[in-house]
Amino acid sequence: MTKAVLGIIGGSGVYDLPGLEDMREERVASPWGEPSDVLRVGRIGDTPIAFLPRHGRGHRLSPSDINYRANIDVMKRAGVTDLISVSACGSFKNEYHPGFFVLVDQYVDRTHRRENSFFGRGCVAHVPMAHPVGPLLQERIASAAVAEGIPFTLGGTLVCIEGPQFSTYAESITYKHLGYDVIGMTAMPEAKLAREAEITYATIAMVTDYDCWHPDHEDVDVAAVVAVAQQNAAKVARLIARVAKSFPAEHEPCPVRSDRALDGAIMTAPSAQDPELLKKLDAVAGRVLNL
Ligand SMILES: CSC[C@H]1O[C@H](OP(=O)(O)O)[C@H](O)[C@@H]1O
Ligand SMILES: Nc1ncnc2[nH]cnc12
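Anyway, here's the lowdown on the structure attached to this text.

Criteria and thresholds
Residues numbered from 1 in each chain as written. Chains lettered and ligands numbered in written order. Predicted model: local features only at pLDDT ≥ 70, side-chain atom pairs only at ≥ 80, totals over all residues. Heavy atoms only, no water. Near = heavy atom within 4 Å. Polar contact = N/O pair within 3.5 Å; in protein donor to acceptor, adjacent residues only side chain to side chain. Nonpolar A, V, L, I, M, F, W, Y, C, P; charged D, E, K, R; others polar. Phe/Tyr/Trp six-rings, centres within 6.5 Å; stacked < 30°, edge-to-face > 60°. Buried < 20%, exposed > 50% of the residue type's maximum accessible area, 1.4 Å probe, protein only. Lys NZ or Arg CZ within 6 Å of the ring centre and 35° of its normal. Areas by Shrake-Rupley, 256 points an atom, 1.4 Å probe, with all protein chains shown as cover. Helix = DSSP H or I, 4+ residues; strand = E, 2+ residues; numbered from the N terminus.

### A closer look at the site of ligand 1
Alright, step 1. What surrounds ligand 1 is the set G11, S12, R54, H55, P63, S87, A88, F166, G184, M185, T186 and V225.
Alright, step 2. Contacts to ligand 1 include S87, whose side-chain N or O atom sits 2.8 Å from an oxygen atom.
Alright, step 3. T186 places a polar side-chain atom, nitrogen or oxygen, 2.6 Å from an oxygen atom of ligand 1.
Alright, step 4. Of the residues contributing to the shell around ligand 1, the split by class is 5 nonpolar, 6 polar and 1 charged.

### Things to note about the packing of aromatic side chains
Any two aromatic rings considered together are summarised by their centre-to-centre distance and by the angle between their planes.
Alright, step 1. Taken as a whole and assessed by the stated rule, the structure comprises 6 aromatic pairs.
Alright, step 2. Residues Y210 and W213 carry aromatic rings whose centres are separated by 6.0 Å and whose planes lie at 85 degrees to one another, so their mutual orientation is edge-to-face. Both residues of the pair, Y210 and W213, count as buried.
Alright, step 3. If you follow K176 out to its NZ or CZ, it ends over the ring of W213, 4.1 Å from the centre.

### Here's the deal with the site of ligand 2
Alright, step 1. Close to ligand 2 lie A88, C89, G90, F166, I183, G184, M185, T208, D209, D211, V220 and V225.
Alright, step 2. A88 places a main-chain nitrogen or oxygen 3.1 Å from a nitrogen atom of ligand 2.
Alright, step 3. Contact between ligand 2 and D209: a nitrogen atom at 2.6 Å from a side-chain N or O atom of the residue.
Alright, step 4. Against a free-state accessible area of 260 Å², the protein chains account for coverage of 95% of ligand 2.
Alright, step 5. At the level of elements, β5 (82–91), β10 (182–184) and β11 (200–209) are the ones that each hand at least two residues to the shell around ligand 2.
Alright, step 6. The element that contributes the greatest number of residues to the shell around ligand 2 is β5, accounting for 3 residues.
Alright, step 7. For the shell around ligand 2, the class distribution of residues is 7 nonpolar, 3 polar and 2 charged.

Structure follows, in structure tokens:
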């Protein structure tokens with residue numbers, strides 16, 4: 001049996017987790033460098049929780065400067081099996097208004113200057129990403145949203161841009177015409193790295209704006225995002241508390257095998273593996289590398 005531990009990564013406007021009981025700060029060291037902040041660990045009900053603010057306290061880190069590998073690695077070291085990522089997002093659909101939550105199930109990665117894998121020279125791996133979100137975790141979030149009376153939709157595509165600038169009008173209408181639902185700057189490579197670390201992942205995309213395509217709404221700016229994100233922080237906390245309170249004690253096997261993603265994924269022959277890289281992979285890939 002694998003004990004379930006719920007990880008939460010808070011995005012813009014979500015820098016702490018009210019309701020986290022027996023909270024203590026844990027500075028978890030990672031061979032991948034500095035995570036965004038110390039982990040805040042505790043419990044909600046009987047569920048162990050590890051919380052990390054993605055941009056660090058005081059929002060120190062831009063999306064390109066976040067050490068996504070260290071963040072996921074420390075979550076893994078804290079025993080996290082299921083990870084909920086909260087992100088402020090722009091919307092490409094009229095009906096997805098500010099304050100609305102989109103439980104996305106797909107991502108399009110348009111980032112280009114981030115470390116996006118734990119693997120590489122000396123230990124090459126290719127994990128499946130066809131279904132990046134854990135359906136059981138997502139269903140738990142959806143049921144909790146229904147119970148809390150939070151307006152949301154199940155499913156959708158999040159396009160993740162490099163930023164830090166918001167999109168041009170031409171980019172925005174292109175994404176809209178491509179059928180994407182929401183836009184953010186941080187879901188990638190977070191979702192890819194969670195998959196490599198065999199952590200089941202789901203995003204709560206909290207709509208804060210209409211990006212810059214909408215003829216009847218102002219173009220996005222930081223003030224608008226922060227205002228909506230702050231108004232919605234309590235809603236996010238209620239939603240997460242509701243998920244946590246009915247979370248199973250034992251990790252549920254993931255139907256899309258996010259918790260077994262490394263089975264058969266490593267290409268490099270044991271004789272060709274780099275011992276230095278293997279040392280760094282102790283948490284992320286210890287299960288398959290027998291470390
Ligand atoms: C403050 S506007 C842009 C900023 O907000 C989103 O952050 P997060 O995904 O961490 O909630 C977006 O991705 C940008 O980083
Ligand atoms: N319009 C937008 N584009 C990218 N990231 C965002 N985060 C919140 N709103 C956003």
